[in-house]
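# Chain and residue survey
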Amino acid sequence: MVRNVAGVLPELEDEDFYLLSGVEQGMRFSEWVQREKLSEFASLTDEEVDYRLERCLKRGLIEKKTIQYEGYTLQFEGYDTLALRALVEQDTISEFGSPLGVGKESDVYEVRSYKPHALKYHREGYTNFREVHKERDYTSDRDHVSWMYTARKAAEREYDILESLYPDVSVPQPIGQNRHAIVMEKMEGVELSQTKLEDEQVIGVLDLLLSEIARAYDHGYVHADMSEYNVFVDEGGVTIFDWPQAIPTDHENATEFLRRDLTNAIGYFRRKYPQHIPDDLEAEPVAAAIERGSFESVMAILE
């Protein structure tokens, strides 16, 4: 887990941020930024650069490495700090709270402005950069692609998708985005994987989930990573989250991913509530109805 940097923010001065931004700028060209170039990138004197490097190294915001030259690179904590400061300056965030969830490709924290929100830091590329680089198409158009670029593009992509879907599809309301960070509505309820539904609720909740998948399709997107870990359930219905891997419906593999999403959703309910899911409820007819724009309900599919 990457360390929460909210407590570091008040300790830093403007010149520290100039230095961090300078390292960030240099990393567009190389993973390790030469010390000699930092004065130009950060708009600081050599003496000021040395002082700020020491301060940022001490706080774990950057890393130093001597290769053929003395080089510096941002740690994710440094990138978090830059994004967090920008969101604070935009009045998107006023308070920082507890972790809400930690995953392989993101960390989520509770934050506040006028009400509780969720801050999601994308982590794509930090520990598994090679795999992400091969699999995600938003890294394919650059010769040098840093983990920062990969994470930022994932955040930008997810934010754009949420803006396209909300409020017609039940997804978290997007509030703001900077670098690899997204601020969104804090979801109420419980993750589907941790929910124990009453007998009379099972088909109804599955129906709500499939209806949201259908609405997303009508608005141009297939989630492409549907599971019980990407759905929240509360008294008001279901909310689908984690959209950075979504694909447009005109993508050549959209049909395949739609059927896989539906197979995963129906399969989860069938495993957990086998006595309530009819044997003849399958992904194929649901997908066909969604693609025709005629999905109405699970029961209609079964008739």
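Residues numbered from 1 in each chain as written. Predicted model: local features only at pLDDT ≥ 70, side-chain atom pairs only at ≥ 80, totals over all residues. Heavy atoms only, no water.

## Brief notes about the domain arrangement of the protein
One can read the domain layout of the protein as domain 1 (9-185) and domain 2 (190-302). Using only C-alpha atoms to locate each centre, domain 1 and domain 2 end up separated by 33 Å. The interface of domain 1 with domain 2 comprises 15 residues on the first partner and 13 residues on the second. When the two sides are added together, the surface that domain 1 and domain 2 hide from each other amounts to roughly 1,300 Å², 61% of it contributed by carbon and sulfur. Put simply, domain 1 and domain 2 have one salt bridge between them. The salt bridge partner of Lys 120 is Asp 242, with a shortest N-O separation of 2.5 Å. Taken together, the links from domain 1 to domain 2 amount to eight residue pairs in polar contact (both at pLDDT 80 or more). (Domains from an automatic or database assignment. Contact = heavy atoms within 4.5 Å. Buried area = accessible area lost by both parts, 1.4 Å probe. Salt bridge = Lys/Arg side-chain N within 4 Å of Asp/Glu carboxyl O. Polar contact = N/O pair within 3.5 Å; in protein donor to acceptor, adjacent residues only side chain to side chain.)

## Quick look at the pairing of strand 7 (residues 174-178)
Every other side chain in a regular strand lies on the same face of the sheet, so the side chains alternate between the two faces. The pairing of strand 7 with strand 8 (residues 181-185) spans four bridges and is classified as antiparallel. Within the sheet, the bridge partner assigned to Gln 177 lies in strand 8 and is Ile 182. Linking strand 7 back to strand 8 in an antiparallel pair, the connection comprises two residues, with Arg 179 at a positive phi of about 50 degrees. (Pairing = 2+ DSSP bridges. Helix = DSSP H or I, 4+ residues; strand = E, 2+ residues; numbered from the N terminus.)

## Things to note about the pairing of strand 11 (residues 231-234)
Strand direction decides the pairing type here: strand 9 (residues 190-191) and strand 11, joined by two bridges, are antiparallel. Residue pairing across strands places Val 190 opposite Val 233, the latter belonging to strand 11. The hairpin turn running from strand 11 into strand 12 (residues 237-240), its antiparallel successor, is two residues long.

## As for the packing of aromatic side chains
One pass over the full model with this rule turns up nine aromatic pairs. Measuring from ring centre to ring centre gives 5.8 Å for Tyr 79 and Trp 147, while their planes differ by 85 degrees; the resulting arrangement is edge-to-face. One end of the pair, Tyr 79, is in helix 4 (residues 76-89); the other, Trp 147, is in helix 6 (residues 147-165), with 68 residues separating them in the sequence. Assigned by exposure class, Tyr 79 and Trp 147 land together as buried. Ring centres of Phe 269 and Tyr 273 lie 6.1 Å apart, and the angle between their planes is 40 degrees; this geometry places the pair in the tilted category. A single burial state applies to Phe 269 and to Tyr 273, both of which are buried. Residue placement shows Arg 123 over the ring face of Phe 76; its charged tip is 4.6 Å from the ring centre. (Phe/Tyr/Trp six-rings, centres within 6.5 Å; stacked < 30°, edge-to-face > 60°. Buried < 20%, exposed > 50% of the residue type's maximum accessible area, 1.4 Å probe, protein only. Lys NZ or Arg CZ within 6 Å of the ring centre and 35° of its normal.)

## A word on the sheet that holds strand 2 (residues 62-66)
Ordered in space as 1-3-2, the three strands form an open sheet in which the pairing is antiparallel. The open sheet has two edge strands, strand 1 (33-34) and strand 2, and neither has a second partner. Together, strand 1, strand 2 and strand 3 (70-74) form the strand contacts of helix 1 (residues 14-26), whose direction differs from that of strand 3 by roughly 100 degrees. (Axes fitted to C-alpha atoms, helices over the stretch in contact; angles between N-to-C directions.)

## Here's the deal with the pattern of salt bridges
Side chains that differ in sign of charge can pair as their charged atoms come close. The final tally for this structure, using the stated rule, is 22 salt bridges. When the shortest N-O distance is used, the salt bridge between Lys 120 and Glu 158 registers 2.9 Å. Highlighted residues: Lys 120 in strand 6 (residues 116-122) and Glu 158 in helix 6, separated in sequence by 38 residues. The pair Lys 120 / Glu 158 is uniform in exposure class, with both members buried. For Glu 284, the salt bridge identified is with Arg 259, shortest N-O distance 2.9 Å.

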